Amino acid sequence: MSYARFAAMIATSTLVMFGLMYLNTYALDHVAFSETRAFMALVMGAVMAGIMLGFMWGMYPNRRINLAILLASTAVFAGALALVRTQATVGDVAYMRAMIPHHSIAVLTSERAHIRDPRVRLLADRIIDAQVREIGEMRALVADLSRNPPPADAPDLPSYRARGASPPAPERP
């Protein structure tokens, strides 16, 4: 088996894994590109490359290329994981585009789970209402920020936790 075929398998599998991460969204129109999901697909693809190469080591006899693949996989894993953990490239619009499918997952789970306890059902219904409302808010903000982005020199605004502040007051239903 050729190394080009191996690379094609890893690349195809990584793209498929990226797409599969959207299958648990509630509605198709909740699917939006997410840098975080792309980075996670790279993390998974890099790990898969190492595992597959390990299992097929005998099929790929060039030890130098095998070691280069393992080193490259390790570098991609470390870099993509660092991007996931730091969110260094995720700004306002990218954040909201990533959060829309995330919130959609909460709607799907809250609506379709087999809930028997009325307290849990009430909580799930509140989650549905909040997530649907927040998806609408995010879509409106994405549209507004696409027309009127913040100044390039605007500072990052830290979370309340990073500021050492109290959490925001809960909203009243």
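Residues numbered from 1 in each chain as written. Predicted model: local features only at pLDDT ≥ 70, side-chain atom pairs only at ≥ 80, totals over all residues. Heavy atoms only, no water.

> Please explain the overall build of the protein as it appears in this structure.
Of regular secondary structure, the protein possesses 6 helices and 0 strands. Listing each helix as α and each strand as β along the protein from the N terminus yields α-α-α-α-α-α. For a compact globule of 173 residues, the expected C-alpha radius of gyration is about 16 Å, and the protein comes in at 21 Å, more than 25% above that figure. Along the longest, intermediate and shortest principal axes, the C-alpha atoms of the protein span 65 × 50 × 35 Å. Taking the intrachain contacts of the protein between residues at least 6 apart in sequence as the baseline, contacts between residues at least 24 apart amount to 71%. Of the roughly 11,800 Å² that the protein leaves accessible, carbon and sulfur atoms contribute 65%. (Helix = DSSP H or I, 4+ residues; strand = E, 2+ residues; numbered from the N terminus. Rg over C-alpha atoms; globule rule 2.2 N^0.38 Å. Contact = heavy atoms within 4.5 Å. Areas by Shrake-Rupley, 256 points an atom, 1.4 Å probe, with all protein chains shown as cover.)

> How should I be thinking about the environment of Gln131 in this particular structure?
As for its position among the elements, Gln131 is in helix α5 (residues 118-147). When its relative accessible area of 13% is taken as the criterion, Gln131 is described as buried. In this structure, the C-alpha to C-alpha distance between Gln131 and Ser104, residues 27 residues apart in sequence, is 7.2 Å. Excluding its chain neighbours within four sequence positions, the residues that come into contact with Gln131 are His103, Ala106 and Val107. (Buried < 20%, exposed > 50% of the residue type's maximum accessible area, 1.4 Å probe, protein only.)

> I'm lost on the nonpolar core in this one. Help?
Note that soluble globular proteins tend to have their nonpolar side chains buried in a common cluster. By size, the foremost hydrophobic cluster in this structure holds 9 residues: Phe6, Ile10, Met17, Met48, Ala49, Leu53, Met56, Tyr60 and Ile69. When residues of this core are traced back to their parent elements, those giving at least two are α1 (3-20) and α2 (35-55). (Core = buried A, V, L, I, M, F, W, Y, C linked by side-chain atoms within 4.5 Å.)

> What am I meant to see in α1 here?
One full turn of an α-helix is made of 3.6 residues, so residues set three or four places apart face in the same direction. The end-to-end C-alpha separation of α1 is 25 Å, in line with the 26 Å expected for 18 residues at 1.5 Å each. Among the residues of α1, Phe6, Ile10, Thr14, Met17 and Phe18 are the ones counted as buried. Projected down its long axis, α1 shows its buried positions confined to an angular sector of 105°, all on one face. Residues Ala4, Arg5 and Leu15 are exposed on α1 and point more than 90 degrees away from its buried face. Where α1 is buried, its residues touch α2 and α3 (63-86). (Expected span 1.5 Å × (residues − 1). Arc of directions from axis to C-beta.)

> Is there a simple way to explain unusual backbone geometry in this structure?
Glycine aside, residues mostly have negative phi angles, and peptide bonds mostly take the trans form. With a phi close to 55°, Gln87 is a non-glycine residue in the positive phi region. If you trace the backbone, Gln87 turns up in the loop between α3 and α4 (92-112). Classification of Gln87 as partly exposed rests on a relative accessible area of 28%.

> Just to check I follow, could you spell out the packing of aromatic side chains for this structure?
In this description, a pair of aromatic rings is defined by centroid distance and the angle of the planes. According to the stated counting rule, one finds 4 aromatic pairs in the structure shown. On the numbers, 5.3 Å between centres and 65° between planes, the contact of Phe6 with Tyr60 is edge-to-face. Here Tyr60 lies in the loop between α2 and α3 and Phe6 lies in helix α1, a separation of 54 residues in the sequence. Each member of the pair Phe6 and Tyr60 is classed as buried. Chaining the aromatic ring pairs together yields one cluster made of Tyr3, Phe6 and Tyr60. The lysine or arginine in question, Arg37, covers the ring of Tyr22, its NZ or CZ lying 4.9 Å from the ring centre. (Phe/Tyr/Trp six-rings, centres within 6.5 Å; stacked < 30°, edge-to-face > 60°. Lys NZ or Arg CZ within 6 Å of the ring centre and 35° of its normal.)

> Could you clarify how one ought to interpret the side chain of Arg37 in this entry?
Looking at the element boundaries, Arg37 is found in helix α2. Of the buried charged residues, Arg37 lacks a salt bridge, with Glu35 as the closest side chain of opposite charge at 12 Å. Contact partners of Arg37, with chain neighbours within four places excluded, come to Phe18, Met21, Tyr22, Ala98, Pro101, His102 and Ile105. (Lys, Arg positive; Asp, Glu negative; His and termini not counted. Salt bridge = Lys/Arg side-chain N within 4 Å of Asp/Glu carboxyl O.)

> Mind showing me how you'd approach α5 here?
The end-to-end C-alpha distance of α5 is 44 Å, a good match for the 44 Å that 30 residues give at a rise of 1.5 Å each. Within α5 the residues assigned to the buried category are Ala124, Ile128, Ala130, Gln131, Ile135, Met138, Val142 and Leu145. Contacts from the buried residues of α5 go to α4. Put simply, Asp117 is the residue that caps the front of α5, since its side-chain oxygen is 2.7 Å from the backbone nitrogen of Arg119. (Polar contact = N/O pair within 3.5 Å; in protein donor to acceptor, adjacent residues only side chain to side chain.)

Bear in mind that shape data such as this cannot, by itself, settle questions of function.
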